[in-house]
Amino acid sequence: MNELETSRHYTNAEKLIQFLCEQSNKQPTLRDIAQRACMSESHAQRVFTEWVGLSPKQFLQAISRSKAKELLPNHSVAKTADMLGYSSESRLYDNFVRIESITPSEYKSRGKNLEITFGFSPTPYGDALFASTQRGIMKLAFTSSSQSRDDLINELESEWHNAELIRDDNLAKTLNQQVFSNRESNQNVTLFVKTSVFQVKVWEALLTIPEGELRTYQQIAEASGNVKAVRAAASAIANNPVACLIPCHRVIRSSGVLNQYRWGADRKALMLLRESGNRILNQ
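Residues numbered from 1 in each chain as written. Predicted model: local features only at pLDDT ≥ 70, side-chain atom pairs only at ≥ 80, totals over all residues. Heavy atoms only, no water.

Draft legend 1. Quick peek at the overall build of the chain. Check the secondary structure of the chain and you find 13 helices and 8 strands. The 283 residues of the chain split such that 43% are buried. At a minimum sequence separation of 6, the contacts of the chain that also span at least 24 residues come to 63%. Element-wise, carbon and sulfur atoms account for 47% of the exposed surface of the chain, whose accessible area totals about 14,800 Å². (Helix = DSSP H or I, 4+ residues; strand = E, 2+ residues; numbered from the N terminus. Buried < 20%, exposed > 50% of the residue type's maximum accessible area, 1.4 Å probe, protein only. Contact = heavy atoms within 4.5 Å. Areas by Shrake-Rupley, 256 points an atom, 1.4 Å probe, with all protein chains shown as cover.)

This is the structure we're talking about:
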C-alpha cells in the first residue's frame, strides 16, 4: 500500500469512527457505514478493522455498552434500550455477553490445571447444568428425557477429563439468577468456550437477533461473512455449548420449519413463544 492509499484509508477510518460515535443511538448497520464511506460493505469492514483493531459491529457494541453503563443507574432497562436505539431490552442484554476463546493449549490438555465448578438449578425452561471457571460460563445445558443429570456430568467430564471438577449447586443457582432474572444488571456476562474464529462470528451473529425474531441458517451464514457457508454455520449453531446466552433457538430453516434443537424441539418452541410474548408486552 502506497502513502496515498494509506492516508486515504486512515481518513476513511477516522470518518467512520466519528460517524459511529455520533450515530450510535441509531445502531447503524454495515450498509449504513459503507454508504457513509462510499465503499462496498466488505471494503469498509476490512479498512475499519485494519485501522481500529475491531470490526465496526464490535466497535459499535463497545460504544453502546459504555453508554448503557452510564444510563442504567438512572433509567430503566427499557428506557436505556430505547435511548441506545435497540429494538428490545434483550438486545441491550445480549450486548453484555462477551465471548472469550479457550486457548489451543487449554483445549489440547483437556483442562489440565483448570478448575471447573458445576451444578444444577431449575430455570424457566427446565432443569439445567451450569459450568464455569473464573474466566466465565463455559456450559449451560438442559436435562431432558434423553439426557439425565448424570449424562450431562459425564459429558462434562469427557470434554474436560484433566480438569478439576467441583460440584456447587449454590453457584449454579447464582448463575441461573444472573442469566434468567437479573436483566437489569449492567454486569458483563463472559462466556469461556472452545471455539474457532468462524464459530465466534456465527455466535456473534446470533447475539444480534432481537428477542422474538427469527433468522434462517442462510441469513446467519451471510451475517458471518460467508454466504456459502450455510452448513458450517448450521454446525456452529448445533455445537453451541451455552443455551440461551447464545440464542441458537432463534434460527430456523428457510422453509419455516423450527427444525431440531439440541435440547429438544418442544423446549425451542416454548422459548420462542415466551420471547414473542415478552416482545409484545414491552411494545
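Now that the structure has been shown, we can carry on.
Draft legend 2. Structural context of the environment of Ala37. Structurally, Ala37 can be placed in helix 2 (residues 30-37). Expressed as a C-alpha distance, the spacing of Ala37 and Phe19, which sit 18 residues apart in the sequence, is 9.7 Å.

Draft legend 3. How the structure looks around the state of the cysteines. Summed over all chains, the structure comprises 0 disulfides. The thiol sulfur of Cys244 is not disulfide-bonded, and the nearest other cysteine sulfur, from Cys248, lies at 8.2 Å. On the basis of relative accessible area, Cys244 is assigned to the buried category, the value being 14%. (Disulfide = S-S within 2.5 Å.)

Draft legend 4. Inspection of the nonpolar core at higher detail. With 49 residues, the main nonpolar core has Leu140, Phe142, Leu206 and Ile220 as its most contacted residues. Broken down by element, the residue count for this core peaks at 5 residues, all from strand 4 (residues 136-142). Discounting residues that sit within four places of it in the chain, Phe142 has contacts with Thr123, Tyr125, Gly126, Asp127, Ala128, Gln147, Leu152, Ala243, Cys244, Trp263, Arg267 and Met271. By size, the runner-up hydrophobic cluster in this structure holds 13 residues, among which are Ile33, Ala34, Leu60 and Ile63. (Core = buried A, V, L, I, M, F, W, Y, C linked by side-chain atoms within 4.5 Å.)

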